[in-house]
Amino acid sequence: MQITALAGGVGGARFLRGLLAHLAASPDPARREAAVTVVVNTADDVTMHGLRICPDLDSVMYTLGGGIDETRGWGRERETSGVADELAAYGAEPSWFTLGDKDIATHLVRTRMLAEGATLSEVTAHLCERWRPGARLLPMTDDVVETHVDLAGDDGAVRRVHFQEWWVRLHAAVPALAIEPVGAAAARPAPGVLEAVRDADVVVLPPSNPVVSIGTILRVPGLREALVSTAAPVVGVSPVIGGAPVRGMADACLAALGVPTTAAAVAGLYADFLDGWLVAAEDEPPVRAGLTVRGRPLLMSSPQATADLAGAALDLALDLTGEDRAA
């Protein structure tokens, strides 16, 4: 069984860890032997202090490889901040984006390899040789794509900032006028990405941010078309429970698009290819011909709860036959 997932950072990474746990513990040989490919958002990527940082790729890699800081959900466990402290002493900016000492080693390797001519796909494969995440991690593209956010200044003028500044420094508290993955329109899918979608037996959308994680992946030319045309059922897990994002500030991103923070509205963003949708029992399910909706608990409150949620998503996908999708 070939399972392909499209994912962002923390929520996507935790769901994927649950998926791998579910597969490993399954009594079904087909599930135990399943191969998982993850197409990861790279539009959060940024260069800080001369280092190329890929937050979502690293969060997925560290989480699946057993090195994530479980409390924060990002960065390395038992991290120290000696380099960041020294940078602050020099007055080096930006001071609001803190790099941990262990994490810097990853960025150093990535930056060196990219400067030597390696692609991001090649760098990611090399890094994963150490972490052995149990899934094949593919950046959505090897081209540079960075999400920028338009904000209204105090003088009424519009200023554009990198997504990381809006998300990390401003905590998305300043309303976004627009969110744009700069470079996406000219980007090419990374090697293996379109094939991973087209040849999959199941495609899963974890509860990642629908605008700046999965949404940016869909902006890479060919990705959305591959999802529409794949014979595999495409199922997703709502990132919204009771009108609020499960984690993070997805509501601020949805507001920039004029989209309500509801499970039904998020499903609408994927309407042209979505076949199955898991929602919380308290949420109004979307109603659309050809879409199968199931209600169940969505909180990833424990490793077992997360594995059960991933198993429910896979159950839903496997219940959708080719005839169901064609209809």
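Just so you know, these numbers come straight off a predicted model, no measurement behind them. (Residues numbered from 1 in each chain as written. Predicted model: local features only at pLDDT ≥ 70, side-chain atom pairs only at ≥ 80, totals over all residues. Heavy atoms only, no water.)

1. Quick word on helix 5 (residues 101-115)
Stage number 1. Between its first and last C-alpha atoms helix 5 spans 21 Å; for 15 residues at 1.5 Å apiece the expected length is 21 Å, and the two agree.
Stage number 2. What helix 5 keeps buried is the set D103, I104, T106, H107, R110, T111 and M113.
Stage number 3. Buried positions along helix 5 lie against strand 4 (51-53), helix 3 (55-65), helix 4 (82-90) and helix 6 (120-131).
Stage number 4. Of the residues one or two after helix 5, G117 is the one with positive phi, at around 105°. (Helix = DSSP H or I, 4+ residues; strand = E, 2+ residues; numbered from the N terminus. Expected span 1.5 Å × (residues − 1). Buried < 20%, exposed > 50% of the residue type's maximum accessible area, 1.4 Å probe, protein only. Contact = heavy atoms within 4.5 Å.)

2. Focus: the sheet that holds strand 2 (residues 35-40)
Stage number 1. Read from one edge of the open sheet, seven strands run 5-2-1-9-10-13-14, paired in parallel fashion. Of all the strands in the sheet, the pair left with one neighbour each is strand 5 (136-139) and strand 14 (292-295). Between one strand axis and the next, the sheet turns through 20° on average, direction left out of account.
Stage number 2. In the sheet, strand 2 pairs with strand 5 via four bridges, with the strands oriented parallel. For T37, the partnering residue across the bridge sits in strand 5 and is R136.
Stage number 3. Here helix 1 (residues 10-25) sits on the sheet in contact with strand 1 (2-7), strand 2, strand 9 (202-205) and strand 10 (234-237), set at roughly 165° to strand 1. (Pairing = 2+ DSSP bridges. Axes fitted to C-alpha atoms, helices over the stretch in contact; angles between N-to-C directions.)

3. Focus on the packing of aromatic side chains
The description of an aromatic ring pair rests on the distance of the ring centres and on the angle between the ring planes.
Stage number 1. If you walk through the whole model with that rule in mind, you get seven aromatic pairs.
Stage number 2. The ring of W74 carries the charged tip of R72 above its face, separated from the ring centre by 3.9 Å. (Phe/Tyr/Trp six-rings, centres within 6.5 Å; stacked < 30°, edge-to-face > 60°. Lys NZ or Arg CZ within 6 Å of the ring centre and 35° of its normal.)

4. Points about the nonpolar core
Stage number 1. Counting 52 residues, the largest nonpolar core has W166, I179, Y270 and W277 as its most contacted members.
Stage number 2. Sequence-distant contacts of I179, that is, excluding residues within four places in its chain, are made with T147, H148, V149, W166, V211, V212, C253 and A256.
Stage number 3. L19, V40, M61 and I241 belong to the second-largest nonpolar core, a separate cluster that totals 44 residues. (Core = buried A, V, L, I, M, F, W, Y, C linked by side-chain atoms within 4.5 Å.)

5. Focus on unusual backbone geometry
Stage number 1. Residue P94 is bonded to the preceding E93 through a cis peptide linkage, with omega at 5°.
Stage number 2. Mapping P94 onto the fold places it in the loop between helix 4 and helix 5.
Stage number 3. Not every positive phi belongs to a glycine, and R132 is a case in point at roughly 45°.
Stage number 4. Its place among the elements puts R132 in the loop between helix 6 and strand 5.

6. Points about the environment of V168
Stage number 1. Note that V168 resides in helix 7 (residues 163-169).
Stage number 2. Its relative accessible area of 28% is what places V168 among the partly exposed residues.
Stage number 3. Residues in contact with V168, not counting those within four places in the same chain, are W96 and F97.

7. Looking at the confidence of the model for the protein chain
Detailed conclusions should not be drawn from predicted coordinates in areas where pLDDT is low.
Stage number 1. Taken as a whole, the protein chain shows an average pLDDT of 95; of its residues, 98% reach a score of 70 or greater.
Stage number 2. Counting interchain partners and residues more than four positions distant, the pLDDT-below-50 stretch residues 322-327 has 11 contacts. (pLDDT = per-residue confidence, 0-100.)

8. So, the pattern of salt bridges
Stage number 1. Under the definition given, this model contains 13 salt bridges.
Stage number 2. Here R52 makes a salt bridge to E146, at a shortest N to O gap of 2.7 Å. You can see R52 sitting in strand 4 and its partner E146 sitting in strand 6 (residues 146-152), a full 94 residues away along the chain.
Stage number 3. According to the relative accessible area criterion, R52 is buried, its value standing at 14%.
Stage number 4. The shortest N-O distance in the salt bridge between R224 and D272 comes to 2.9 Å. Of the two residues, R224 sits in helix 10 (residues 223-229) while D272 sits in the loop between helix 12 (263-269) and strand 13 (276-279), which places them 48 residues apart along the sequence.
Stage number 5. On the basis of relative accessibility, which here comes to 25%, the residue R224 falls in the partly exposed class.
Stage number 6. The partly exposed category is assigned to D272, whose relative accessible area is 41%. (Salt bridge = Lys/Arg side-chain N within 4 Å of Asp/Glu carboxyl O.)

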